[in-house]
Amino acid sequence: VDDIRAPFVAAAPDICQGWFIAFCTVEGVWQWAEHINASPMKYKRACVWVKPDSTPQLNGQGPAQGAENFVCAWAGTGHAKWNAGGKRGVYTHLVNNPERTGRHPTEKPRRLMSEIIADFTNPDQLILDPFMGSGTTGVAAVMAGRKFIGIEQNKAYFELACDRLEKAQRQGDMFIGSAA
């Protein structure tokens, strides 16, 4: 990530018209903030994903990581807009949940991504995930009635994501009206 962070943030304001979100370690927050603050985007803050069932530090040489951050920046026009009112930026979701495929090393929980999408986007908005992995963001986007574009350079992960997205599109969401 260190090699692509600066050019990625430099390109983002030209294509992002709303929220820019990037997952990172606690140690990576300041680096993202530094690059975002040098861009036209407005850095807002780092949110926390609390992982109650995260992997322990297996070698026993220190504490395990029990949370992950994601930084938020506003790339839209005018004041930042989000749907969660005064809610704190703390999201608690199990890593090893029943929906987990386990076929990607950093797979995010679909319920986490659904909550983030509900808080930061509106129906019919386009969500871009340039590091799509196994497609969890796309599945959550489809379930929420959002448009989605995913980019993944690893062919096996791309095929996994396409399969998951196809199944999500077939299943749909019983709470979203049919276009038919």
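For the structure itself, consult the block above.
Reference entry: report on the structure contained in this document. A quick note: this is a predicted structure, and the numbers were derived from the prediction, not measured.

A separate point is the packing of helix H4 (residues 136-143) against helix H5 (residues 155-171). Close contact between H4 and H5 brings their axes to 9 Å; oriented N to C, the two are set at 10 degrees. What the angle tells us is that H4 and H5 run roughly parallel. The handedness of the crossing between H4 and H5 comes out as right-handed. Across from Thr136, Gly138, Val139 and Val142 in H4, the residues of H5 making contact are Arg164, Leu165, Ala168 and Gln169. Within the contact of H4 with H5, the residues separate by chemical class into four nonpolar, three polar and one charged.

Our next topic: the environment of Asn154. Secondary-structure assignment places Asn154 in the loop between strand S6 (147-150) and H5. In sequence terms Asn154 and Gln171 are 17 residues apart; their C-alpha atoms lie 26 Å from each other.

Here we come to the nonpolar core. Counting 23 residues, the largest nonpolar core has Phe70, Tyr91, Ile116 and Phe120 as the members making the most contacts within it. Going through the elements one at a time, strand S2 (42-50), strand S3 (67-74), helix H3 (110-120), H4 and H5 are the ones with two or more residues in this core. The leading source of residues in this core is H3, at five residues. Each residue touching Tyr91, except ones within four places of it in the same chain, is listed here: Cys47, Val48, Trp49, Val50, Phe70, Trp82, Leu112, Glu115, Ile116, Asp119 and Phe120. Ranked by size, the runner-up nonpolar core spans 13 residues in total, among them Cys24, Trp32, Ala73 and Ala75.

With the rule as written, the count across this model stands at 10 salt bridges. Ionic pairing is found between Asp119 and Lys87, a salt bridge with its closest N-O pair at 2.6 Å. In this pair, Asp119 is assigned in helix H3 and Lys87 in the loop between S3 and strand S4 (90-92), connecting sequence segments 32 residues apart. A salt bridge links Arg110 to Glu99, with the shortest nitrogen-to-oxygen separation between them at 2.8 Å. Note that Arg110 is positioned in helix H3 and Glu99 in the loop between S4 and H3, a separation of 11 residues in sequence. Overall, Arg110 belongs to the buried group, its relative accessible area being 13%.

Reported here for the second largest pocket is a volume of approximately 250 Å³. Lining the second largest pocket are 11 residues, with Glu99, Val139, Arg164, Ala168 and Gln171 sitting closest to its centre. Looking at the lining of the second largest pocket element by element, the count peaks at five residues for H5. Looking at side-chain class alone, the lining of the second largest pocket contains three nonpolar, three polar and five charged residues.

Moving on, we get to a nonpolar patch on the surface. On the surface, Ile15, Leu126, Leu128, Ile149 and Ile151 cluster together to form a nonpolar patch covering roughly 470 Å² of accessible area. Secondary-structure assignment places Ile15 in helix H1 (residues 5-15). In this structure Ile15 comes out as exposed when scored by relative accessible area, which is 58%.

Right, let's talk about the sheet that holds S4 for a bit. Sheet architecture is open: four strands sit in the order S1-S3-S2-S4, paired in mixed fashion. Lying at the two open borders of the sheet, with one neighbouring strand each, are strand S1 (19-24) and S4. Averaged over all neighbouring strand pairs, the angle between strand axes comes to 25 degrees, with direction disregarded. Inspection of the sheet shows S2 paired to S4 by three bridges, in the parallel sense. By the bridge assignment for S4, Val48 is matched with Val90. Relative to the sheet, H3 contacts S1, S2, S3 and S4, its axis offset from that of S1 by approximately 150 degrees.

Conventions adopted
- Residues numbered from 1 in each chain as written.
- Predicted model: local features only at pLDDT ≥ 70, side-chain atom pairs only at ≥ 80, totals over all residues.
- Heavy atoms only, no water.
- Axes fitted to C-alpha atoms, helices over the stretch in contact; angles between N-to-C directions.
- Helix = DSSP H or I, 4+ residues; strand = E, 2+ residues; numbered from the N terminus.
- Parallel < 35°, antiparallel > 145°, perpendicular 65-115°, else oblique.
- Left-handed = near helix turned anticlockwise from the far one by under 90°.
- Contact = heavy atoms within 4.5 Å.
- Nonpolar A, V, L, I, M, F, W, Y, C, P; charged D, E, K, R; others polar.
- Core = buried A, V, L, I, M, F, W, Y, C linked by side-chain atoms within 4.5 Å.
- Buried < 20%, exposed > 50% of the residue type's maximum accessible area, 1.4 Å probe, protein only.
- Salt bridge = Lys/Arg side-chain N within 4 Å of Asp/Glu carboxyl O.
- 1 Å grid on protein atoms, 1.4 Å probe; cavity = no way out; pocket = protein on both sides within 12 Å on 5 of 7 lines; lining within 4 Å.
- Points joined across faces, edges and corners; volume = space filled by probe spheres on them.
- Patch = residues over 30% accessible without salt bridge, like charges linked within 9 Å, V, L, I, M, F, W, Y side chains within 5 Å.
- Areas by Shrake-Rupley, 256 points an atom, 1.4 Å probe, with all protein chains shown as cover.
- Pairing = 2+ DSSP bridges.

Keep in mind that these numbers describe shape and distance, not what the molecule does.
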